[in-house]
Amino acid sequence: DQQVKQNSPSLSVQEGRISILNCDYTNSMFDYFLWYKKYPAEGPTFLISISSIKDKNEDGRFTVFLNKSAKHLSLHIVPSQPGDSAVYFCAASVGGAGGTSYGKLTFGQGTILTVHP
Amino acid sequence: DAMVIQNPRYQVTQFGKPVTLSCSQTLNHNVMYWYQQKSSQAPKLLFHYYDKDFNNEADTPDNFQSRRPNTSFCFLDIRSPGLGDAAMYLCATSSAGGIQETQYFGPGTRLLVL
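Residues numbered from 1 in each chain as written. Chains lettered and ligands numbered in written order. Predicted model: local features only at pLDDT ≥ 70, side-chain atom pairs only at ≥ 80, totals over all residues. Heavy atoms only, no water.

Visitor: Can you help me understand the environment of Thr-93 of chain B in this one?
Guide: All names here are of chain B. Mapped onto the fold, Thr-93 is located in strand β9 (residues 87-94). Those residues in contact with Thr-93 that sit more than four places away from it in its chain are Val-4, Gln-25, Leu-27, His-29, Val-31, Met-32, Tyr-33, Thr-102, Gln-103 and Tyr-104. A polar atom in the side chain of Thr-93 sits 2.8 Å from the side chain of His-29. (Helix = DSSP H or I, 4+ residues; strand = E, 2+ residues; numbered from the N terminus. Contact = heavy atoms within 4.5 Å. Polar contact = N/O pair within 3.5 Å; in protein donor to acceptor, adjacent residues only side chain to side chain.)

Visitor: What am I meant to see in the pairing of strand β3 (residues 19-25) of chain A here?
Guide: The side chains of a regular strand alternate between the sheet's two faces. Residues and elements named next belong to chain A. Of the two faces of β3, the one holding Ser-19, Leu-21, Cys-23 and Tyr-25 is buried and the one holding Ile-20, Asn-22 and Asp-24 is not buried anywhere. Bridge count for β3 against strand β8 (residues 72-77) is six bridges, and the pairing is antiparallel. Considered in β8, the bridge of Cys-23 is made with Leu-73. (Buried < 20%, exposed > 50% of the residue type's maximum accessible area, 1.4 Å probe, protein only. Pairing = 2+ DSSP bridges.)

Visitor: How should I be thinking about the pattern of salt bridges in this particular structure?
Guide: Opposite charge on two side chains permits pairing when their charged atoms draw close. Under the defined criterion, the tally for this structure stands at four salt bridges over all chains. For Asp-84 of chain A, the salt bridge goes to Arg-61 of chain A, with nearest N and O atoms at 2.8 Å. Remark: Arg-61 of chain A occurs in the loop between β6 (56-59) and β7 (62-67) and Asp-84 of chain A occurs in the loop between β8 and β9 (86-93); sequence separation between them is 23 residues. Of the residues examined, Asp-84 of chain A reaches a relative accessible area of 2% and is grouped as buried. Classification of Arg-61 of chain A by relative accessible area gives partly exposed; the value is 21%. Residue Asp-77 of chain B pairs with Arg-67 of chain B through a salt bridge whose shortest N-O separation is 2.7 Å. In this pair, Asp-77 of chain B sits in strand β8 (residues 73-78) while Arg-67 of chain B sits in strand β7 (residues 64-67), placing the two residues 10 residues apart along the sequence. A relative accessible area of 13% means that Asp-77 of chain B is categorised as buried. On the accessibility criterion, Arg-67 of chain B (40% relative accessible area) is partly exposed. (Salt bridge = Lys/Arg side-chain N within 4 Å of Asp/Glu carboxyl O.)

No statement about biological role is implied by the geometric values presented.
If you want it as structure tokens, here you go:
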């Protein structure tokens, strides 16, 4: 049972244009969502996150949008740069009210982004 | 720089020969995780430690064990590696206590089983 899905295995974008990576989830208990970037032979690097109480979070060129009713989130990269070429993982967790909440992550399969010069 | 370190980066072992992968962190995080990632798949959580409390995922094979002797170090022991255990093994940490915690990953150890 795959609770987090990234249906596009790959995406190719021209430098300077917008990259949009999509992620769908099925577990309505998820309340915290993260995007990680992974280069070959390296571990995932945290990129940006969003809480379920928000519908948008922005950090420089990266913006994450959350549509809870559709159980869908997306990552926008504007403008895209060749250095953004990597695998992007969407992840989700069930948080809680703090204390012993330790946020077990459920990952999607990843989307390979290629940004062409 | 505070970080998560995994050694070795590449490990080759023989079928059935026990192997230990190590992870250390300078973030002083109280939660440590081990994930298995096979090619083109999502990272899959094997288990995690919340301080000294060990939490095993229901579908983690008994072949996989873990030890956390102190806050900084965590080990993954594979007692009898099979060909299907060849994968990237990722260690991550987080600082529990907030409402939502971000996990920080090490570079991973790629395990090859011959």
